[in-house]
Amino acid sequence: MPTAMEGTPYKGRGENQPIIGFADTHTHMGMSSEMSLDGSVGPSAGGVLYGEVVHRFGIPHALGSCEGFHGPNGIRDANNILETTPGAQHDTQGWPTFVDWPRRNFLTHQVMYHAWVERAWRAGLRVMVNHGTNIAALCRVGQTYSGKPEADCDDMSVASKQVEYLYDVQDYVDAQFGGPGKGWYRIVKTPAEARQVANEGKLAVVLGVEVAQVFNCGVTMLPGGTEIRKCDQTQIDAEIEKLWALGARHVYPFHDIDSSLGGAGIFSGDVINFLNFLDTGAFWKTTECRDFPKNEPSVREPGTNMTTAVPGTGSNALTTMLLEAVGGITPLYPDGKRCNARTVTDLGKYALTALMNRGFVIDIDHAAYHSKDVMLDLAETMNPPYPMASSHDAHGGLTSDQAVRMLKSGGVIYPYKGNGIKHVEFLEKLKFWRNKAGLNNTLLGLGYGADGNGFGGHPGPRGGNSVPVQYPFTLFRGEGWGSRYQSLPAMKVNLLTIPESGKFWHIDEVGMAHYGMVADFVEEVRLEGGGEAIDALYNSAETYVRMWENVYYRNNPK
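## Here we look at the overall build of the protein chain
Counting its regular elements, the protein chain contains 17 helices and 18 strands. Taken over C-alpha atoms, the radius of gyration comes to 22 Å for the protein chain, in line with the 24 Å a tight globule of 558 residues would show. Its C-alpha atoms give the protein chain principal-axis dimensions of roughly 65 × 60 × 50 Å. Burial analysis of the protein chain (558 residues in total) assigns 61% to the buried set. Within the protein chain, contacts between residues at least 6 apart in sequence are counted, and of these 74% link residues at least 24 apart. When the accessible surface of the protein chain is split by element, carbon and sulfur atoms take 50% of a total near 19600 Å². The protein chain carries 48 positive and 61 negative side-chain charges, and their two centres are separated by 5 Å.

## Here we look at the side chain of glutamate 239
Looking at where glutamate 239 falls in the secondary structure, it is placed in helix α8 (residues 233–246). On the accessibility criterion, glutamate 239 (10% relative accessible area) is buried. When near neighbours in sequence (up to four residues on either side) are disregarded, glutamate 239 contacts Met156, Phe215 and Asn216.

## Quick notes on the packing of α8 against helix α11 (residues 346–358)
At a minimum axis distance of 10 Å, the contact between α8 and α11 shows a crossing angle of 35°. Seen along the crossing, α8 lies across α11 with a hand that is right-handed. Along its contact with α8, which presents Gln233, Ile236, Asp237, Ile240, Glu241 and Trp244, the element α11 presents Leu347, Tyr350, Ala351, Ala354, Leu355 and Arg358. In terms of residue class, the contact of α8 with α11 is built from eight nonpolar, one polar and three charged.

## Remarks on the state of the cysteines
Inspection of the entire model under this criterion finds three disulfides. Across the disulfide, cysteine 217 is cross-linked to cysteine 231 (sulfur-sulfur distance 2.0 Å). The sign of the 105° torsion about the S-S bond sets the cysteine 217-cysteine 231 disulfide as right-handed. Note that cysteine 217 is positioned in the loop between β5 (203–211) and β6 (219–221) and cysteine 231 in the loop between β7 (227–229) and α8, a separation of 14 residues in sequence. Residues cysteine 217 and cysteine 231 agree in their burial class; the two are buried. Each sulfur of the disulfide joining cysteine 289 and cysteine 339 lies 2.1 Å from the other. On the sign convention where negative means left-handed, the S-S torsion of about 100° between cysteine 289 and cysteine 339 marks this disulfide as right-handed. A residue pair is termed long-range when its members are at least 10 positions apart, and cysteine 289 in the loop between β9 (286–287) and β10 (304–305) and cysteine 339 in strand β11 (residues 337–340) qualify at 50 residues.

## A few points about the packing of aromatic side chains
All told, the structure shown has 28 aromatic pairs when counted by the stated rule. Here phenylalanine 274 and phenylalanine 283 contribute two aromatic rings whose centre-to-centre distance is 5.1 Å and whose plane-to-plane angle is 80°, an arrangement assigned as edge-to-face. Residue classification places phenylalanine 283 among the buried residues on the basis of a relative accessible area of 17%. Ring centres of phenylalanine 426 and tryptophan 433 lie 5.6 Å apart, and the angle between their planes is 75°; this geometry places the pair in the edge-to-face category. For the pair formed by phenylalanine 426 and tryptophan 433, the shared burial category is buried. Joined through ring pairs, the aromatic side chains of Tyr10, Phe22, Tyr448, Phe476, Trp481, Tyr485, Phe521 and Tyr538 make up one cluster. Cation over ring: lysine 148 sits above phenylalanine 69, and NZ or CZ is 4.3 Å from the ring centre. When the ring centre of tryptophan 244 is taken as origin, the NZ or CZ atom of arginine 358, which lies over that ring, is 4.3 Å away.

## Brief notes about the pattern of salt bridges
Pairing is possible between side chains that carry opposite charge, provided their charged atoms lie close to one another. One pass over the full model with this rule turns up 27 salt bridges. In this structure, lysine 242 and glutamate 239 form a salt bridge, with 3.5 Å as the shortest nitrogen-oxygen distance. Residue lysine 242 and its partner glutamate 239 are located together in helix α8, separated by three residues, close to a single helical turn. The class of lysine 242 is exposed, set by a relative accessible area of 54%.

## Describing the nonpolar core
Most often, soluble globular proteins keep nonpolar side chains buried together rather than apart. In this structure, Tyr185, Phe215, Leu475, Tyr515, Tyr538 and Tyr544 are the most contacted members of the largest nonpolar core, which totals 143 residues. In terms of residues, this core owes the most to one element, helix α16 (residues 518–538), which gives ten residues. The residues touching tyrosine 544, leaving out its near neighbours within four places in the chain, are Thr25, Val127, Val129, Val206, His250, Val361, Val412 and Tyr414. Residues Val141, Ile266, Ile272 and Phe277 belong to the second largest nonpolar core, which totals 14 residues.

Rules used in this analysis
Residues numbered from 1 in each chain as written. Predicted model: local features only at pLDDT ≥ 70, side-chain atom pairs only at ≥ 80, totals over all residues. Heavy atoms only, no water. Helix = DSSP H or I, 4+ residues; strand = E, 2+ residues; numbered from the N terminus. Rg over C-alpha atoms; globule rule 2.2 N^0.38 Å. Buried < 20%, exposed > 50% of the residue type's maximum accessible area, 1.4 Å probe, protein only. Contact = heavy atoms within 4.5 Å. Areas by Shrake-Rupley, 256 points an atom, 1.4 Å probe, with all protein chains shown as cover. Lys, Arg positive; Asp, Glu negative; His and termini not counted. Charge placed at Lys NZ, Arg CZ, Asp CG, Glu CD. Axes fitted to C-alpha atoms, helices over the stretch in contact; angles between N-to-C directions. Left-handed = near helix turned anticlockwise from the far one by under 90°. Nonpolar A, V, L, I, M, F, W, Y, C, P; charged D, E, K, R; others polar. Disulfide = S-S within 2.5 Å. Phe/Tyr/Trp six-rings, centres within 6.5 Å; stacked < 30°, edge-to-face > 60°. Lys NZ or Arg CZ within 6 Å of the ring centre and 35° of its normal. Salt bridge = Lys/Arg side-chain N within 4 Å of Asp/Glu carboxyl O. Core = buried A, V, L, I, M, F, W, Y, C linked by side-chain atoms within 4.5 Å.

Coordinates in, geometry out; function isn't part of it.
Have a look at this one:
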């Protein structure tokens, strides 16, 4: 697989100088149809995702045919459920023709093959936060739909396997570039290591965890409002140490499903609510969302309209499983947008404090809207206040008042990776919050959370009257590239084309079909936002590492 890039990747100007490069603070490179190089571990996501990040026999095996996972003509592809197209079919052949996949809205095929990530690194990606991820209830639906009942669906087990797999990925890349330590993909465990790696012109990979039941802290809701918690303080402490020893440094305390730690952010009023029922035995209890400054920009407005019907159409595994689970009884909710009534529990406060004491980056995304207030209150009791991250659009809601508090404490707020237009629009929001926080004289950085291999979807083409991306184009030279880039070697970006088949991906036609299109996205940002937007993008690795330094070195040695 070519990268279609010409030029030498640039190095830094010294470990004591700001990093020039951009950060992806939320992605899932460990998601793979086999989470090992030797084939001994098994698939992610209950077996619904096809494709491997690396394969010892190369791309024909890593991204060959998905028929073994998705059935003849893709008739068993779980993407048909996500897109509510139960009878849809697709060409299962991948390499070298890639007729039907990868696509930006085809979420059950690998989008983070190592050569595609290499293309992004060559464009200036210098920090990437890779999260091991799982939602046990969704994974069990995947087991049924994919016909792979042997697939592991335990949240912490799957997440740990994905994180461990990334060490295999590092070894594989090293082997391609001359041996141990010589590859461009470097796992880092401290901010100092991140600075060293970026200065060497390589990609600093931060490991993290985003699962529904972090620390295995699930909960069972009983009639009458009582609950059975599945963890205690001792278990939380032990699980935190396991994650630390594994190399994880960035954690989501909440994700999609309620837990013993508290409530998840509501952004889907149908499917995820039923997954919450499958996992906890209860549907979400909701409340009115508190008032917030509606005349000011939000990262994401809180709440969603709740659905009372079972999601899904036709006879498919999801609809059947849900109907059987709920016995035909569906929840009733008032009209209008609703927020999760469950906030941070006493056990959740203990876990958050323990994470702070250990020096983890804590991600506020996916916490219930009102839980975010509790998290910010707790962070502000620390001396100095503990910065947190919002890495991919703050599911459940994050409003202007909360964003300002986050930034004042030294946190970072990066959006879901949009196209160039959406990125520049978010930059204007960030400037508004920074102004309210009194931070106009501090470094302006805006990265993104691509959610590669996640189920959030990827951006389409800009369309409309946008100035088209013209191939080839050159990074670090020309309009929009200021003086600090002129000492960097130029990087020529060609249209990504597979010589064996003629298959190509043009960002104006396909959007972000896979992670290799990040290089093309940089040109979109330049066309839409000029030098200011380019500078903010290439400051984002530095602003993330500064936030990480602020939390890590409180209780860990330099």
